[in-house]
Amino acid sequence: MIDVLIIGAGPAGLSAAIYVERAGKHAVCLEAMTVGGQIVNTPEIANYPGIKKISGFEFSMGLYEQATELGADIIYEQAVKIRETLNPEEKGFTVLTESGKEFEAKTVIIATGAKNRLLGIDKEESLTGRGVSYCATCDGAFFRGKDVAVNGGGNTALEDALFLTNYCNKVYIIHRRDEFRGEPKNVEAVKSKENVEFVLDSTIDELKGDRNLEAVVVRNKNTGELREIPVAGLFIAIGQEPDNVAFADVALLDEKGYIRADESCMTETPGIFVAGDCRTKAVRQLTTAASDGAVAALAACAYIG
């Protein structure tokens, strides 16, 4: 019987594991993809208190090493269901994984984060990895000297565009509004680049190309005018969405699919907690993920007693 089973080994999950181990309990993290979550792909973190500058990979590895050295275990399995223990004499949960394994735990912390939101248009799936990407830092270097586009208007899109200006001939930023949601300093930095062109009040209607992406067709929301922009790469940065449907029977979801919980990180089911970007919250940052991890871990340990 595991003390605290944590679903996800991103910043929230690993922070929770650290606090669980320091509280004298044992933590096991189930991770479906990569330790560190999406922050591992961020080239530079400069807004985490006490650390002036660090790469996402280095930050993630630091969390991983700290958690495992304290005694936490990381198991690469995708959790697909949580059910309350069948033994009425003992409170606890069984977590089932995609491979068919079962893990018994006294308490569970859901820290699955959020995944990239898709455009939801034809050819997006077939051209992913063939010009369509969701990670500029992962794939940007493949488009050295070529024209590319970034879709989005938040900090991620602006940071992606800035990164791509170092490699690409030209970077189009396609955004559905006439102004950006990102921080002013990022907006100004992008505006200062000579190889950036803004395509505002526009959405992507079509992807062209069979074997590889050749162009995007954008529609101006105000005029309805269509414009075909030849590009070799499209980097989609239009936000994220949670993947919590598998846990809806033990954790109440809001209309967008986030697990309902306040700063206490407690769900509607006693013994199940939630931490990080997968829960309802106003601010989703690295600092708030780490904070959630600590809060959920201490609450889980108190629940065990």
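Placed above this text is the structure.
Quick look at the structure, then. Values in this document were obtained by computation on a predicted structure and should not be read as measured data.

**Section: the sheet that holds strand 11 (residues 196-199)**
Read from one edge of the open sheet, five strands run 8-15-9-10-11, paired in parallel fashion. The open sheet has two free edges, formed respectively by strand 8 (132-133) and strand 11, since each of these has just one partner strand.

**Things to note about the packing of aromatic side chains**
Ring pairs (aromatic) are described by centroid distance and by the angle formed between their planes. Scanning all chains against the criterion turns up five aromatic pairs. Ring geometry for Phe-273 against Tyr-303: centres 6.3 Å apart, planes inclined by 75 degrees, an arrangement best described as edge-to-face. On the criterion of sequence distance, the pair formed by Phe-273 in strand 17 (residues 272-274) and Tyr-303 in helix 7 (residues 286-304) is long-range, its members being 30 residues apart. One residue, Lys-91, lies across the ring of Tyr-303, its end atom 4.1 Å from the ring centre. A cation over an aromatic ring shows up here: Arg-284 above the ring of Tyr-258, its NZ or CZ 3.9 Å from the ring centre.

**Considerations on the sheet that holds strand 12 (residues 202-208)**
An order of 12-13-14 is seen for the three strands of this open sheet, with the pairing classed as antiparallel. Looking at which strands have only one partner, the edges of the open sheet turn out to be strand 12 and strand 14 (226-230). Pairwise comparison of adjacent strand axes, ignoring direction, gives a mean angle of 30 degrees for this sheet. Pairing of strand 13 (residues 215-220) with strand 14 involves five bridges; the strand directions are antiparallel. Bridge pairing in strand 14 places Val-218 opposite Arg-227.

**Describing the pairing of strand 5 (residues 93-97)**
Counting buried residues in strand 5 gives five out of five residues, a clear majority hidden from the surface. Where burial is concerned, the two faces of strand 5 agree: the one with Phe-93, Val-95 and Thr-97 and the one with Thr-94 and Leu-96 are both buried. Two elements, strand 4 (residues 79-84) and strand 5, share five bridges in a ladder whose sense is antiparallel. Across the sheet, residue Lys-81 finds its bridge partner in strand 5, namely Leu-96. Bridge count between strand 5 and strand 6 (residues 102-110): four bridges; the pairing is antiparallel. Residue pairing across strands places Leu-96 opposite Glu-102, the latter belonging to strand 6. The hairpin formed by strand 5 and strand 6 contains four residues between the paired strands, and Gly-100 there has a positive phi angle of roughly 100 degrees.

What counts, and at which threshold
Residues numbered from 1 in each chain as written. Predicted model: local features only at pLDDT ≥ 70, side-chain atom pairs only at ≥ 80, totals over all residues. Heavy atoms only, no water. Pairing = 2+ DSSP bridges. Helix = DSSP H or I, 4+ residues; strand = E, 2+ residues; numbered from the N terminus. Phe/Tyr/Trp six-rings, centres within 6.5 Å; stacked < 30°, edge-to-face > 60°. Lys NZ or Arg CZ within 6 Å of the ring centre and 35° of its normal. Axes fitted to C-alpha atoms, helices over the stretch in contact; angles between N-to-C directions. Buried < 20%, exposed > 50% of the residue type's maximum accessible area, 1.4 Å probe, protein only.

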